[in-house]
Amino acid sequence: DVQLQASGGGLVQTGGSLTLSCAASGFSFDDYVVGWFRQAPGREREAVSCISISDGLTYYADFVKGRFTISSDDGKGTVYLRMNSLKPEDAADYSCAAFGSTSGSYCLFARLYDYWGQGTLVTVSS
C-alpha cells in the first residue's frame, strides 16, 4: 500500500518562504524517485523538482532554480521542498509523486510517475 502525503502548504507573502513535506510509506524508499509537481487554477500541471533517493541527486525546473531546494530524510521516509523568494505565480496545489527507480534521469516528466499523493495548497499574497 504505497502512500504519499504532502503537507506544509499555507499562505505566505511575496518574497516569503515555506517548506513542504512529503511523507512516504508502503514502499522501499531508497529504490524510488520522488518528485514535486504543482498545478494552479486554469494551468497545466508542471514539474517543480525531483530527487533520486538512492544517490541524492536532485533536479529542478528552470523557474525554481536558485529559489527552491529539494531534500530527503531517509530515516523519516520524507522528502522536503524548501521554497524561498516566493512569487505570486508560485501559488498552486503542490503534490508529491514517486516511481520505482534508482536513477532520477528525466524525473521532471510526469508520465514516469506511478504513485501520486494528495496535494497541499500554497497561496502567495502580494
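To be clear, the structure that these remarks concern was listed above.
Since we're looking at a predicted model, the values are computed, not measured.

K.L.:
Looking at this structure, I do not really get the environment of Leu 86. What am I missing?
P.N.:
For Leu 86, the position within the fold is in the loop between β8 (78–83) and β9 (92–100). In this structure Leu 86 comes out as buried when scored by relative accessible area, which is 1%. In this structure, the C-alpha to C-alpha distance between Leu 86 and Phe 68, residues 18 residues apart in sequence, is 9.0 Å. Excluding anything up to four places from it in sequence, Leu 86 contacts Val 12, Thr 14, Gly 15, Gly 16, Ser 17, Leu 18, Arg 67, Phe 68 and Val 124.

K.L.:
Before we go on, may I ask you to explain the nonpolar core in this structure?
P.N.:
Grouped burial of nonpolar side chains is what soluble globular proteins tend to show. One finds Trp 36, Val 79, Leu 81, Met 83 and Tyr 94 to be the most contacted residues of the largest nonpolar core, which totals 31 residues. Elements that contribute at least two residues to this core include exactly β1 (3–7), β3 (18–25), β4 (32–39), β5 (46–52), β7 (68–73), β8, β9 and β11 (120–125). Beyond its immediate sequence surroundings of up to four residues, Val 79 is in contact with Leu 20, Ser 21, Cys 22, Phe 29, Val 34, Trp 36, Ile 51, Ile 53, Ile 70, Ser 71 and Ser 72. Among the nonpolar cores identified, the runner-up in size contains 8 residues, and Phe 37, Ala 47, Cys 50 and Ala 97 belong to it.

K.L.:
Explain the pairing of β11 here, please?
P.N.:
It is a general feature of regular strands that their side chains alternate between the two faces of the sheet. Residue alternation in β11 divides its side chains into a buried set, Thr 120, Val 122 and Val 124, and an unburied set, Leu 121, Thr 123 and Ser 125. The pairing of strand β2 (residues 11–13) with β11 spans 3 bridges and is parallel. What sits directly across from Gln 13, in β11, is Ser 125. The pairing of β9 with β11 spans 3 bridges and is classified as antiparallel. Opposite Ala 92, over in β11, you have Val 122 as the bridge partner.

K.L.:
Help me out: how do you make sense of the packing of aromatic side chains in this one?
P.N.:
The description of two aromatic rings rests on the distance between their centres and on the angle between their planes. Counted by the stated rule, this structure contains 8 aromatic pairs. With a centroid separation of 6.3 Å and an interplanar angle of 50°, the aromatic rings of Tyr 32 and Tyr 115 are classed as tilted. In this pair, Tyr 32 sits in strand β4 while Tyr 115 sits in strand β10 (residues 115–116), placing the two residues 83 residues apart along the sequence. Under the relative-accessibility criterion, Tyr 32 is labelled buried at 14%. Three or more aromatic residues link up through ring pairs in this structure, and these residues are Phe 27, Phe 29, Tyr 32 and Tyr 115. Here the guanidinium or amino end of Arg 45 rests over the ring plane of Trp 116, the centre of that ring lying 4.2 Å away.

K.L.:
Got a minute to help me understand the pattern of salt bridges in this structure?
P.N.:
Side chains carrying opposite charge are able to pair once their charged atoms draw close together. Applying the stated criterion to the full structure yields 4 salt bridges. Notably, a salt bridge pairs Glu 46 with Arg 38, separated by 2.7 Å at the nearest N-O pair. You can call Arg 38 buried: its relative accessible area is 5%. Between Asp 62 and Lys 65 there is a salt bridge, with its nearest N and O atoms 3.4 Å apart. For the pair Asp 62 and Lys 65, a shared accessibility class is recorded, and that class is exposed. Bridged by salt links that share partners, the residues Arg 38, Glu 46, Arg 67 and Asp 90 form one connected network.

Calculation criteria
- Per chain, residue numbering runs from 1 following the sequence as it is written.
- Predicted model: local features are reported for residues with pLDDT of at least 70 only, side-chain atom pairs are reported and counted for 80 or more only, and whole-chain, interface and lining totals are derived from all residues.
- Side-chain measures here rest on the full set of heavy atoms in the structure, leaving out hydrogens and waters.
- Helical segments are the DSSP runs of H or I of at least four residues, strand segments are the runs of E of at least two, and each set is numbered from the N terminus.
- Each residue gets one of three labels from its accessible area relative to the maximum for its type: buried under 20%, exposed over 50%, partly exposed in between, using a 1.4 Å probe on protein chains only.
- A contact between two residues is defined here by any heavy atoms of the two lying within 4.5 Å.
- The set of buried Ala, Val, Leu, Ile, Met, Phe, Trp, Tyr and Cys residues whose side-chain atoms join them within 4.5 Å is what this entry labels a nonpolar core.
- Strand pairing requires that DSSP identify at least two bridges connecting the strands.
- Only Phe, Tyr and Trp rings are paired, with Trp represented by its six-membered ring, and only when their centres lie within 6.5 Å; those with planes under 30 degrees apart are stacked, over 60 edge-to-face, the remainder tilted.
- Here, a charge over a ring means that NZ of Lys or CZ of Arg falls within 6 Å of the ring centre while also lying within 35 degrees of the ring normal.
- One side-chain nitrogen of Lys or Arg within 4 Å of one carboxyl oxygen of Asp or Glu is enough to make a salt bridge.

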